[in-house]
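The lines below spell out each chain.
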There are 4 protein chains.
Amino acid sequence: MTDALEDIQSGPDDRNIPLRQVGVVGLRYPVTVWDRSSERQQTVGTFKLTVDLPHQFKGTHMSRFVAALERHRGEMSLETMPELVDDLRTRLDAERAHVRMEFPYFVRKAAPVSGVESALEVRCWFVGDAEEREALFTLGVDVPVMTVCPCSRAISDRGAHCQRSHARISVRFRELVWIEELVEIAEAAASAPLYPFLKREDEKWVTERSYDNPVFVEDLVRNIAARLRDDARIQWFYVEAENEESIHTHNAYAAVGSADLE
Amino acid sequence: MTDALEDIQSGPDDRNIPLRQVGVVGLRYPVTVWDRSSERQQTVGTFKLTVDLPHQFKGTHMSRFVAALERHRGEMSLETMPELVDDLRTRLDAERAHVRMEFPYFVRKAAPVSGVESALEVRCWFVGDAEEREALFTLGVDVPVMTVCPCSRAISDRGAHCQRSHARISVRFRELVWIEELVEIAEAAASAPLYPFLKREDEKWVTERSYDNPVFVEDLVRNIAARLRDDARIQWFYVEAENEESIHTHNAYAAVGSADLE
Amino acid sequence: MTDALEDIQSGPDDRNIPLRQVGVVGLRYPVTVWDRSSERQQTVGTFKLTVDLPHQFKGTHMSRFVAALERHRGEMSLETMPELVDDLRTRLDAERAHVRMEFPYFVRKAAPVSGVESALEVRCWFVGDAEEREALFTLGVDVPVMTVCPCSRAISDRGAHCQRSHARISVRFRELVWIEELVEIAEAAASAPLYPFLKREDEKWVTERSYDNPVFVEDLVRNIAARLRDDARIQWFYVEAENEESIHTHNAYAAVGSADLE
Amino acid sequence: MTDALEDIQSGPDDRNIPLRQVGVVGLRYPVTVWDRSSERQQTVGTFKLTVDLPHQFKGTHMSRFVAALERHRGEMSLETMPELVDDLRTRLDAERAHVRMEFPYFVRKAAPVSGVESALEVRCWFVGDAEEREALFTLGVDVPVMTVCPCSRAISDRGAHCQRSHARISVRFRELVWIEELVEIAEAAASAPLYPFLKREDEKWVTERSYDNPVFVEDLVRNIAARLRDDARIQWFYVEAENEESIHTHNAYAAVGSADLE
């Protein structure tokens, strides 16, 4: 029956405009990712899947993107993503393919004094960009942390304003880096880590540790960048941080990439 | 060590203002839910957990909400939720407890002609409200469907505007109703169901079926309400629908509850 | 020409299901509101406009909602809103009409020490619910403020965690209450107000004042409720607050209404 | 008093990491923009304001960004933006400054047959990137339009699925281009424009016109790109479009920039 239906997308186009990207966005699909302790986390991916489109074709076949995801569902990782990207390139007769998957991921945290455990959400992303001879894969994490303002502490007789902050780290690597490692790097760069579950003795520890360790948003990205610069596994990185300033309704922001350090 | 730390929250309060709700919101936690085919889906819950607070107490112990969730993680369903709500009430010495969990859930869909399979996301929620002698549990689903406008079809010589719509159904029941059943009720009430993966022959089917079956947003909620009214298992319901009008940037909206039919 | 086009919405319906609400949502429209200093603020309203629909009618005329808004644009206030709500009821032959308008509003703030001025955004809403013999009008504001945790301060040797918080206040009144008054009530109930523009001497003041004045989320709503309870102009209120806890990724929440104090 | 307070941000930093961007994000401020008919629209800008930071400085002075905005509020346009960007560069001793302002903007629309008027929201953005010797200014618009699927129309015996789409156009120009012109280009490239207010005769027109003029998401961006390519005022452009597919829950996407046509 399909054969009888006109295939408009495969028709010619005479506007002489090749497209950089054509595909689907906002596609939500169940996926499974592996964590460092070799356990599987079933989670929900939000996908952007695109290919380039030469000028002579009218359209792409959008259903093939979903078909590729359906075939590849099950384990999804930076190791299996090359297959998905290649599959797209091949089946859509494209020169370039691009896949971005964002997903919530949970890391187990033990509170610093009581040791009580809980699960902290970290938003992550995998990105694959492939051409015929080259492919780039990027891992990203958005780590929630706490920052105390050094200026506020220095000029005030008591107290110091602090806030929830987000450190967003994207890396490309020569050798595997775990999400958990990036979380640890971000937490070490901040005034203190965040924990879903804290008893009073833990709250005292977090309050004092963060007060003893104030960082500006500039320090947060620099501390992370310094660690990534010295890690031989890391080929490329980009780091952004945002402080949800408790004394304002806007956020403070800083960004630095490996290219800025060359 | 904890004992040495002052417990401010348990201190007295003299403003004579009892609080209706105190607790945590926006808490994201991994959960597992069961589907109709007896398989487990691991997903991500977004929680609101609250209790009431009598006027004489200064505050509640927020960490206990996370502790309750940590103890109860694993299977979460309308059958296990009573335990979580009761646990909150007891451990927080409260008269009333309220739990709301929203989560993405996937149903397998077979395309109408080709039969190709894919996974459709349905946003769901479980709500539990418990007092000493009474507890109410609510199941909710937000089902994406397609609607064709009857007016546009009737007045136009060709075509008819259509759009993505959302049917949001909340029910309380005497006997278990599955998420999948509510999805089917919403889909039958619309012009056509949605599918992540459609081949050309399926797209033809969906286009023609929806054109043959136009419904206003008013029809969508009435069709659903009529089905729920006649289902002896359903004790209470509330139905809302929103059409993402393709000819406007605002949405059309309709709502009806079981109380309106009495 | 219109006359020749079939009016499907006015047709009969035999499902015997009256609808509680039918209308439009997510409609964005330019509006002008008045502030306390008698100046006009042009801003953007996000509207929900609905009426009830008796069981015997198939549908409502959605375009009339936009028409009503178009006629009433220009000044929008709790004083002009009754006209808009009445207009909807009359033109749509309904028994009940409901209008909700949310909008960003700016209040001028002078920094506490330097006196430098800036504009603070406060999200507001007007709600009108009218039946033939009764109409209720509600004013709401979402005021961003700062809170310092009393527990963290009491148990820690130095510092105290603090965060951005939101106090959401809805009121119905016998005599006009200005948005600016509700903002002041919320700010006085918190550890400190927020300011877009602070010099160093102001930051010192905010840090110290908030540290000297710690409040739980429970205190924030109780302080507001106590003020509203004692204000003879206020007929009804509902107060919610959310603390964007800097030591967690979830928020603390509390709510109380005038009904809880009776 | 200020002089007595330590200026930590101006202190030295020895990590040898220059920052690409430091500043504030999510800052909401009232602004006034001019429309083609020489009327002023007061609206709400959401700002990102950043500068670079040389490696030897510990931090930037965040309050100066808000101060710059406070000084420049009043008229904001692509003509006045260079002053704001220059002001930031100078006052923050930076080599580069970046300003992004997003804002809702309303264009008056007359319905195609009845001529009834209403206001359509178009989300816009101004971006300024300045270095010592070069400055780039970008105007962007997100235009909501309607698309009918050519494939669905061709293969179906009746009807065709359609949806709300968004065309996002960014341009840099040699000579002023109005927001209203970009809106018209996007609308002409789609199956039909959107209108907040349509009478029945208008709805018939929109339904038939869109059915007669089906476009894929690929066509939408190509039609726009072809127009911009031929406009001598346009120096650079980037066009994206997203179709909120009424038969799926994900969106179709296409993108092309002037660089792809060289």
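For the structure itself, consult the block above.
The structure presented is a predicted model; accordingly, all values stated were derived computationally and were not measured.

What counts as what
Residues numbered from 1 in each chain as written. Chains lettered and ligands numbered in written order. Predicted model: local features only at pLDDT ≥ 70, side-chain atom pairs only at ≥ 80, totals over all residues. Heavy atoms only, no water. Helix = DSSP H or I, 4+ residues; strand = E, 2+ residues; numbered from the N terminus. Buried < 20%, exposed > 50% of the residue type's maximum accessible area, 1.4 Å probe, protein only. Contact = heavy atoms within 4.5 Å. Areas by Shrake-Rupley, 256 points an atom, 1.4 Å probe, with all protein chains shown as cover. Lys, Arg positive; Asp, Glu negative; His and termini not counted. Charge placed at Lys NZ, Arg CZ, Asp CG, Glu CD. Buried area = accessible area lost by both parts, 1.4 Å probe. Salt bridge = Lys/Arg side-chain N within 4 Å of Asp/Glu carboxyl O. Polar contact = N/O pair within 3.5 Å; in protein donor to acceptor, adjacent residues only side chain to side chain. Nonpolar A, V, L, I, M, F, W, Y, C, P; charged D, E, K, R; others polar. Disulfide = S-S within 2.5 Å. Least-squares fit on C-alpha atoms with pLDDT ≥ 70 in both.

Enquirer: Outline the overall build of chain A, listing residues and values.
Expert: Counting secondary structure elements, chain A contains six helices and nine strands. Its C-alpha atoms give chain A principal-axis dimensions of roughly 80 × 35 × 35 Å. Per-residue burial for chain A yields a buried fraction of 64% across its 262 residues. Considering only residue pairs separated by 6 or more positions, chain A has 63% of its internal contacts joining residues 24 or more positions apart. For chain A, the accessible area works out to roughly 9800 Å², and carbon and sulfur atoms hold 43% of it. Between the averaged position of the 32 positive side-chain charges in chain A and that of its 45 negative side-chain charges there is a distance of 2 Å.

Enquirer: So what's going on with unusual backbone geometry? Which residues, and what values?
Expert: Residues and elements named next belong to chain A. A positive phi angle is found at Asp93, which is not glycine, with a value near 50°. With respect to the helices, strands and loops of the structure, Asp93 is situated in the loop between α2 (81-91) and β3 (97-110). When its relative accessible area of 66% is taken as the criterion, Asp93 is described as exposed.

Enquirer: Got a sec to walk through the interface of chain D and chain A? Specific residues and values, please.
Expert: Contacts between the two partners involve 56 residues from chain D, matched on the other side by 56 residues from chain A. Buried surface at the junction of chain D and chain A, summed over both partners, amounts to about 4400 Å²; 57% is from carbon and sulfur atoms. At the junction of chain D and chain A, the tally comes to eight salt bridges. Put simply, Asp219 of chain D and Lys58 of chain A hold a salt bridge, and the shortest N to O gap is 3.0 Å. Remark: the boundary between chain D and chain A carries 30 residue pairs in polar contact (both at pLDDT 80 or more). Sorting the residues of the side of chain D that touches chain A by element identifies β1 (19-34), β2 (40-53), α3 (150-155), α6 (217-229), β8 (234-243) and β9 (251-257) of chain D as the ones contributing at least two each. Tallied by class, the residues present in the side of chain D that touches chain A amount to 31 nonpolar, 13 polar and twelve charged.

Enquirer: Break down the pattern of salt bridges for me, with residues and values.
Expert: By the definition in use, this model includes 96 salt bridges over all chains. Measuring nitrogen to oxygen at the nearest pair gives 3.5 Å for the salt bridge that ties Arg168 of chain C to Glu240 of chain C. Here Arg168 of chain C, found in strand β6 (residues 162-173), pairs with Glu240 of chain C, found in strand β8 (residues 234-243); they are 72 residues apart in sequence, far enough to count as distant. Taken together, the shared-partner salt bridges in this structure form one network comprising Asp13, Arg15 and Lys58 of chain A together with Asp219 and Arg222 of chain D.

Enquirer: For the state of the cysteines, give the residues involved together with the corresponding values.
Expert: Enumeration over the complete set of coordinates arrives at zero disulfides over all chains. With no disulfide partner, Cys162 of chain A has as its closest neighbouring cysteine sulfur the one in Cys162 of chain C, 3.7 Å distant.

Enquirer: Give a description of the relation of the copies chain D and chain A that names residues and reports values.
Expert: Taken as rigid bodies, chain D and chain A are interconverted by a rotation of 180° and an axial shift of 0.0 Å, the fit giving an RMSD of 0.0 Å. What the superposition gives is, in effect, a two-fold axis relating one chain to the other. Among all residues of chain D, the one whose C-alpha sits closest to the rotation axis is Ala259 of chain D, at a distance of 11 Å.

Enquirer: So, the environment of Ala188 of chain B: which residues are in play, and what are the values?
Expert: Here Ala188 of chain B shows up in helix α4 (residues 179-189). Sequence separation of Ala188 of chain B and Arg227 of chain B is 39 residues, and the distance between their C-alpha atoms is 9.9 Å.

Enquirer: Tell me what's going on with the interface of chain C and chain D, and back it up with residues and numbers.
Expert: Contacts between the two partners involve 34 residues from chain C, matched on the other side by 34 residues from chain D. Across the interface of chain C and chain D, roughly 2900 Å² is buried in total on both sides, 59% from carbon and sulfur atoms. Its largest share of buried area at the contact with chain D, chain C owes to Arg28, Gln42 and Arg200 of chain C, together 21% of the area lost on that side. Here Arg200 of chain C and Asp7 of chain D are joined by a salt bridge, their closest N and O atoms 3.5 Å apart. The interface formed by chain C and chain D holds ten residue pairs in polar contact (both at pLDDT 80 or more) in total. Those elements that provide at least two residues to the side of chain C that touches chain D are β1 (19-34), β2 (40-53), α1 (63-72), β3 (97-110), β4 (117-130) and α5 (200-212) of chain C. Of the residues contributing to the side of chain C that touches chain D, the split by class is 14 nonpolar, seven polar and 13 charged.

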